[in-house]
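Residue-level listing of the chains:
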Amino acid sequence: MPTIISVGSGKGGVGKSVVSSNMAYLLSQSGLSVTLLDLDAGGADLHVLMGLFKPDLTLTDFIEKRVSNLNEVAQRLDGFAGVKIVAGTGDSLFTANMPAATRLKLLRHIRLIESDVVIIDVGAGTHFNTLDFFLTADIHICVTTGDPTAILDLYRFVKLAVIRKALSSFLSYDNVSKVLRKKDIKDIDELLLIASEYGEDKKQAIYNSIKEINPFILFNQVEQTPEARFSRIRDLLQTYLKVSNLELLGRIPEDRELRKSVKAYQPVTSLKPGASSSIALKMACNKLLRLGSL
Ligand SMILES: Nc1ncnc2c1ncn2[C@@H]1O[C@H](COP(=O)(O)OP(=O)(O)OP(=O)(O)O)[C@@H](O)[C@H]1O
Ligand SMILES: [Mg+2]
């Protein structure tokens, strides 16, 4: 089974797809086979970042049952040995708004992808689909810029992911589940308070499920060392969401070469390995290899 890495953020345009494509290339360079999975159903563009303009098949072919598994959709990329892509398109309303049953089938099939690593670009927003694609991974990467709005969106994204994860720790017929699913839960304390009314074990189940979310934070387009910002995010997530195992993955500077590489339809790490953003991405990738048990 592959190790699954998800890349999320909450906010659009902060660098999720750039990070996904470059991580795929770098991990393949270290000898791992990688499949990029574009689950940004509303705005899929990962294939373009990898120089593929007209995929033979896309996620839509799987969703609409023209193929029976994701391995049939995964396409090799010219010039990137060891990297395949399951391209999204978003050109089908059904794909962009897939119902729960389709989402569950897709989640099952991700584990059946034949490669060492699967990198999921989950897209922006906090739709149930997006949160579940993010949560299904073994390793979670949250990308943010230094902007207060990006950090606020990141906090909201992790909060809703944590609530979704906690709710999924109860079986649907469990009493506490029936109550919680009907409520619009605002924060973790509210969730813990309601759960504790049904017993300490319910409260503990929530704590245990939160422990499974240990996101890596990757700052993008940030010039200064991000330690102070990272500490603030860590304190926020720890105090209000009980998420305690946060790791700083690194900082990518704003870099013209990266912008140029997007226009050249190639990851910057492959086009310009010596560029400042490439060096930063390589450091982040090495940290992931060290800490992410890849
Ligand atoms: N470190 C950087 N230096 C310079 N430009 C960057 C950097 N990171 C991202 N960009 C620019 O920002 C654009 C958006 O990045 P990207 O497509 O990865 O964001 P995204 O989070 O995937 O967006 P969306 O939510 O719309 O899918 C890139 O095309 C690139 O031009
Ligand atoms: Mg994107």
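Quick summary incoming for the structure in this document. Small disclaimer: the values here were computed from a predicted structure and weren't measured.

So, on to the pairing of strand β5 (residues 117-121). On any regular strand, side chains alternate: one points to one face of the sheet, the next to the other face. When you tally the buried positions in β5, you get five out of five residues, the bulk of the element. Alternating residues of β5 divide into V117, I119 and D121 and V118 and I120, and every residue in both groups is buried. Strand direction decides the pairing type here: strand β1 (residues 3-8) and β5, joined by five bridges, are parallel. Each residue of the ladder has a partner; that of I4, found in β5, is V118. As paired strands, strand β2 (residues 34-38) and β5 are joined by five bridges and run parallel to one another. Across the sheet, residue T35 finds its bridge partner in β5, namely V118.

What follows deals with the pairing of strand β4 (residues 80-86). In terms of burial, β4 is largely enclosed, as five of its seven residues are buried. Sheet topology note: the β2/β4 ladder contains four bridges and is parallel. Each bridged residue has a counterpart across the sheet, and for L36 the counterpart in β4 is I85. Hairpin connection of strand β3 (residues 75-77) to β4: two residues between the antiparallel strands, including G79 at a positive phi of 85 degrees.

The next thing to look at is the site of ligand 1. Taken together, 18 residues surround ligand 1, and among them K16, S17, V18, N220 and D255 come closest. At a separation of 3.0 Å, an oxygen atom of ligand 1 approaches a polar backbone atom of G15. Taking V18, its main chain carries an N or O atom lying 2.8 Å from an oxygen atom of ligand 1. When isolated, ligand 1 has an accessible area of 640 Å², and the protein chains bury 82% of it. Under a 2 Å grid-point criterion requiring more than half of the atoms, the pocket assigned to ligand 1 is the largest pocket. Taken together, the residues of the shell around ligand 1 break down into seven nonpolar, six polar and five charged.

Scoring rules and cut-offs
Residues numbered from 1 in each chain as written. Chains lettered and ligands numbered in written order. Predicted model: local features only at pLDDT ≥ 70, side-chain atom pairs only at ≥ 80, totals over all residues. Heavy atoms only, no water. Buried < 20%, exposed > 50% of the residue type's maximum accessible area, 1.4 Å probe, protein only. Helix = DSSP H or I, 4+ residues; strand = E, 2+ residues; numbered from the N terminus. Pairing = 2+ DSSP bridges. Near = heavy atom within 4 Å. Polar contact = N/O pair within 3.5 Å; in protein donor to acceptor, adjacent residues only side chain to side chain. Areas by Shrake-Rupley, 256 points an atom, 1.4 Å probe, with all protein chains shown as cover. 1 Å grid on protein atoms, 1.4 Å probe; cavity = no way out; pocket = protein on both sides within 12 Å on 5 of 7 lines; lining within 4 Å. Sits in = over half its atoms within 2 Å of the grid points. Nonpolar A, V, L, I, M, F, W, Y, C, P; charged D, E, K, R; others polar.

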